[in-house]
Amino acid sequence: MEYNFKKIEKKWQNFWDENHTFEAKTGDKSKEPYYVLVEFPYPSGSGLHVGHVRSYTAQDAIARMKRMQGFNVLYPMGWDAFGAPAEQYAIKNHIHPKEAVKENIKTFKGQMKNLGFSFDWSREFSTTDPEYYKWTQWQFLQFYKHGMAYKDTIPVNWCPTCKSVLSNEDAAGGVCERCGSSVLQKEKAQWMLRMSDYSEDLLKGLDDTNFAEKVKLGQINWIGKSTGVEVDISLVGGGKFSIFTTCIETIYGITFFVVAPDGKLIKEWMPRVENKEEVQTYIEATAKKSNMDRTELNKDKSGVEVKGIKAINPVNGSEVPIYLGDFVLGDYGTGAVMAVPSHDQRDFEYATKHHLEIIEVISGGDVSKQAYEKKDYLHNPESRLVASAEFSGMSVMEAKKAITKELVNRGIAREVNNYKMRDWIFSRQRFWGEPIPMIHCEKCGWQPMKEEDLPLLLPDVAEYEPTENGESPLANITEWVNTTCPSCGGAAKRETDTMPNWAGSSWYFLRFMDAHNKEEFASMEAMKYWNRVDWYNGGMEHTARHLLYARFWVQFLYKIGLVPNKEMIWTRVSHGMVLGSNNEKMSKSKGNVINPDDVIKEYGADTLRVYEMFMGDYQQDAPWSTDSLKGCKRFIDKIIRLKDKIGTGSGYSRELETLIHKSIKKVEYDLTHLAFNTVVSTLMILANAYDDQKEITKEEYRVLLILLNPLAPHVTEELNELIGYEPICKSVWPKYEESKCVETELAIGVQVNGKLRGTIQIRVDEEEVSVKEKALKQENVAKFIEGKEIVKVIVVPKKIVNIVIKG
RNA sequence: GCCUGUGUGGCGGAAUUGGUAGACGCGCUGGACUCAAAAUCCAGUAUUAGCAAUAAUGUGUGGGUUCGAGUCCCACCACAGGCACCA
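What counts and how
- Residues numbered from 1 in each chain as written.
- Chains lettered and ligands numbered in written order.
- Predicted model: local features only at pLDDT ≥ 70, side-chain atom pairs only at ≥ 80, totals over all residues.
- Heavy atoms only, no water.
- Axes fitted to C-alpha atoms, helices over the stretch in contact; angles between N-to-C directions.
- Helix = DSSP H or I, 4+ residues; strand = E, 2+ residues; numbered from the N terminus.
- Parallel < 35°, antiparallel > 145°, perpendicular 65-115°, else oblique.
- Left-handed = near helix turned anticlockwise from the far one by under 90°.
- Contact = heavy atoms within 4.5 Å.
- Nonpolar A, V, L, I, M, F, W, Y, C, P; charged D, E, K, R; others polar.
- Pairing = 2+ DSSP bridges.

**With respect to the packing of helix α22 (residues 676-692) against helix α23 (residues 698-708)**
- Packing of α22 against α23 leaves a shortest axis separation of 11 Å and a crossing angle of 160°. In terms of orientation, α22 and α23 fall into the roughly antiparallel class. When the axes of α22 and α23 are compared, the crossing they make is left-handed. Facing α22, whose interface residues are Leu683, Leu686, Ala687 and Tyr690, α23 presents Glu700, Tyr701, Val703, Leu704, Leu707 and Leu708.
- Its residues assigned to classes, the contact of α22 with α23 shows 9 nonpolar, no polar and 1 charged.

Written out as structure tokens, the structure is:
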């Protein structure tokens, strides 16, 4: 057969379309549901990346196998199309971003069709569809109505040149990604979601998932739980504040306190401060510094003393000075710390710079040189408390408990948990996002829109320039902004901020379960049927945040009774990047970008798919190699040639039977264990074995086609049709028999003192005595043991023989 | 600094519980077919020595456990990614 992949691929893609082969029926009780999900892409202007092809093919292979195994497979696709690039493009070209998005989606979809992915296109949607974002807005209103959304003034990244608020990603390194200016902090009122309320639930929920261990760790680190004690500290002359510490055992070593310059405490104290000007200057200087500057000043522990206010150490009554220092963060813990320079390196550096006292309270280090920190003294069983009144002489763990107990009994301390994870900043000052359905009325304050008025559509205008003061471009569109208050009916203004990119992607997997529902975001019935996402794949870069946001969103919906499970994603795996042939990330500037369209044109989609699965460990990055790609083309050519070897026989021949059964078992196992590269090598081995035979049977040929079908669906369907079978997509996955997976004869190694000296042929069930005898007689082995004393002979069944000799 | 991952031929990478290291593919070398080329097929290909059988060395480095270590333990080095003053 001539391999006209263009014709073959088109033919089968049309066949699948016309027959609605991959459309999943919700509620089909005759089959077990199985939900395979891959992160839906942002349809950028540059088209599908070969990296997309890698993960989509992997999930496609799983989906195709599962279908043949009798599962009702849901493998959907859609578009995460809100975002800054489309907006930038719109500003430059004066067209509505939805036009650009429409074009890009068309391109992406065409490319995906050309690759033969078995997506259920009947469920396709874009996060930018009003029918979809209506429900994103509706869910925001649920957050609001349950007290989970609030407006707060917080510092944001501000680019003075672009006059725009930047996300942390766009402000990485303290410079604006677009223009390179230094990013400043600016106070702005933002919508927030109370994600921190869910810290503990998000941590615990991980036990109800099957995420890869490193994915779980990523979540755990991001949540950043730490357990410690919050202690009330009284001020001389009245008033008090609290500090949070994980090292209560060092409390006798306090020589000063440090409070955050951006925190609320210092504002409160201001009237009592004696050196107001100095303090104010420092607060302002901190505000001007970007996050990055603050980090860079790491070595330089800047700060000023807050004069006129002194604190009292609750354990010994001593008066202690208070300082401002920007190494203390206003939004973590209580925004104030007890400083123990003897046992905390940051405090040590601060004390050294500002000439403050250092008192050792735990023995074992040399605190004149550096702090003797928790990470060291906890591992030193010799360390004891010193200079700590009645606690002196105790071990660290004893003291921790005793001091905590004492302070808790006195009613001035509480054991608490703190989390690094903050509330979710949900506002973006951009045009191209879901409008936040809130209305501000002078009389009634913030009012939610009426649910029946949703969706709140983005207006059709031609200008998307940001405003001078950093408001969203929507603020310029007065006819859109001005509205009436849903409560009193008076004049009111709409919120002009939009939602972040993460919003639409936080629940899209629920929508796929019931994509066309006009009454609800998805019906409970449909969600109960599909139950959850069984297998979710995406890039490692999304495993922390996207996954956390999505889990938070789902847990909230669960709490208010709108989804059936607390966790709606069972297995989450991640894939490595496809790098350029020079082993660097593909980028236009480096000129190492491979366009999948070009590859499909020259080698066909099946070759590209097989190659991307073969290129390396799926979870690891792998460089592109056109030479290796050609090797995969040769493999497919070989599969085609093998058809001519089909003879008149039937069933599996004695020569091939074991290998076939083993191959079915391995392909099945590897496809669900992320070992796609060895799926390909297994099939190459099988094909090579067929090639060694004079002739093969139809059944043998067909089993190879079915096993290869998940990776190369077009050519295998074509060959399958040519030999007269019903389409593979309507067929049943072959079954292997465990008993037929083992060879009856095998060659095992014989070692002498652990070194391989020869091999022997044995029957699989050969008795140990006989194996031992064969091993000792083996020609080369005999040379090594001649005249030596044999200490023992270790026979590992079906694996190896090791002869231990002396002398 | 912390967390995570990775170090195996010329290259991408195999090696499911410790049991014949280098499967499979690429590349390379030689040969067949051809006027020639492409395609295809055959043989070889970790390193060193040898015509060969074979031997020695060999999975980032140094130790250890074991009859036996790429795999387990301890210490370290390099690279990649993420987080970064979190009290």
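Having seen the model, we can carry on.
**Quick word on the sheet that holds strand β13 (residues 424-425)**
- Judged by pairing direction, the sheet is antiparallel, and its 4 strands sit side by side in the order β4-β3-β5-β13 without closing on themselves. The sheet terminates laterally at β4 (164-166) and β13, the two strands that pair on one side only.
- With 3 bridges connecting them, strand β3 (residues 149-159) and β4 associate as antiparallel partners. Bridging from a neighbouring strand, Trp158 pairs with Val165 of β4.

**Things to note about the sheet that holds strand β1 (residues 32-38)**
- Taken in spatial order, the 4 strands make up an open sheet running β2-β1-β18-β19, and their pairing is parallel. Edge positions in the sheet fall to β2 (71-74) and β19 (569-575), since each of these pairs with one other strand and no more. Pairwise comparison of adjacent strand axes, ignoring direction, gives a mean angle of 20° for this sheet.
- When β1 meets strand β18 (residues 533-539), the two strands line up parallel, connected through 3 bridges. The residue of β18 that forms the bridge with Val38 is Asn537.

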